[in-house]
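Listed below are the residues making up each chain.
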Amino acid sequence: MSNEGSLITRAFRGLARRCARCGGPAFVSWFRMADTCPNCGVRFEREEGYWVGAMIMNTIVTFALFGIVFIGLIVATWPDVDWTLVTVASLAVCGLVPVIFYPISKSLWFGLQISWHPLEPHEIEAARARVG
Ligand SMILES: [Zn+2]
């Protein structure tokens, strides 16, 4: 087993906070990702600095939702824009989305990243050795 399933399958597994490789549980709590998959043994952090990609995805999702909420509320209430509502909703999005999306961004990043940079033979061998 190297990369099971299609890109879509791996993306959905990532969105569900599952191991993108096998669908096994990737988290021990909402925020704490396991070092390795308990099912297939793959190490999630493939190299030093690996989670920068997840942080970038988290930032992009937060900015996108902020933009949708900010512009959407202005357009929806134009010309009498409720700036208090716009401010509170924008602050809520910018404060909550990165926290809620944090674990999803990590498992999704892993799922997408192994699609264009498949597991190396030594990673597959190490995963196999972990689960026996
Ligand atoms: Zn797995």
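Now for a quick tour of the structure.

**Quick notes on the overall build of the chain**
Consideration 1: Along its length, the chain carries 4 helices and 0 strands.
Consideration 2: Each helix (α) and strand (β) of the chain, taken in turn from the N terminus, gives the series α-α-α-α.
Consideration 3: The C-alpha atoms of the chain give 18 Å as radius of gyration, which overshoots the globular expectation for 132 residues (14 Å, by more than 25%).
Consideration 4: If you line up the chain on its principal axes, its C-alpha atoms span 65 × 25 × 25 Å.
Consideration 5: Sorting the 132 residues of the chain into buried and exposed places 39% on the buried side.
Consideration 6: Counted over contacts in the chain with a minimum sequence separation of 6, partners at least 24 positions apart contribute 61%.

**Some points on the coordination of the zinc ion**
Consideration 1: Bound to the zinc ion are the protein donor atoms Cys 19 (SG), Cys 22 (SG), Cys 37 (SG) and Cys 40 (SG), situated 2.3 Å from the metal.
Consideration 2: Viewed at the metal, the 4 donor atoms of the zinc ion are separated by angles of 100 to 113 degrees, and the geometry they form is tetrahedral.
Consideration 3: Counting the intervening residues between successive donors of the zinc ion yields the motif C-x2-C-x14-C-x2-C.
Consideration 4: Overall, Cys 37 belongs to the buried group, its relative accessible area being 2%.

**As for helix α3 (residues 83–116)**
Consideration 1: With 34 residues, α3 should reach 50 Å at 1.5 Å per residue; the first-to-last C-alpha distance of 43 Å falls well below that figure.
Consideration 2: Where α3 bends most, the angle comes to about 45 degrees, and this point is Tyr 102, followed within four residues by the proline Pro 103.

**Here we look at the packing of aromatic side chains**
Consideration 1: Taken as a whole and judged by the stated rule, the model has 6 aromatic pairs.
Consideration 2: Between Phe 44 and Phe 110 the ring centres are 5.2 Å apart and the planes differ by 90 degrees, which places this aromatic pair in the edge-to-face class. Taken as a pair, Phe 44 in the loop between α1 (7–15) and α2 (52–77) and Phe 110 in helix α3 lie far apart in primary sequence, 66 residues in all.
Consideration 3: For Phe 110, a relative accessible area of 0% gives the class buried.
Consideration 4: Between Tyr 50 and Trp 109, the aromatic rings sit 6.2 Å apart at their centres with planes inclined by 55 degrees, giving tilted as the arrangement. Residue Tyr 50 is located in the loop between α1 and α2, and its partner Trp 109 is located in helix α3; the two are separated by 59 residues in the primary sequence.

Definitions and cut-offs
- Residues numbered from 1 in each chain as written.
- Predicted model: local features only at pLDDT ≥ 70, side-chain atom pairs only at ≥ 80, totals over all residues.
- Heavy atoms only, no water.
- Helix = DSSP H or I, 4+ residues; strand = E, 2+ residues; numbered from the N terminus.
- Rg over C-alpha atoms; globule rule 2.2 N^0.38 Å.
- Buried < 20%, exposed > 50% of the residue type's maximum accessible area, 1.4 Å probe, protein only.
- Contact = heavy atoms within 4.5 Å.
- Donors = N, O, S within 2.8 Å, 3.2 Å for Na, K, Ca; no water.
- Tetrahedral: all angles 85-135°; square planar, octahedral: opposite > 155°, others 65-115°.
- Expected span 1.5 Å × (residues − 1).
- Bend = angle between axes of the 7 residues up to and from the residue.
- Phe/Tyr/Trp six-rings, centres within 6.5 Å; stacked < 30°, edge-to-face > 60°.

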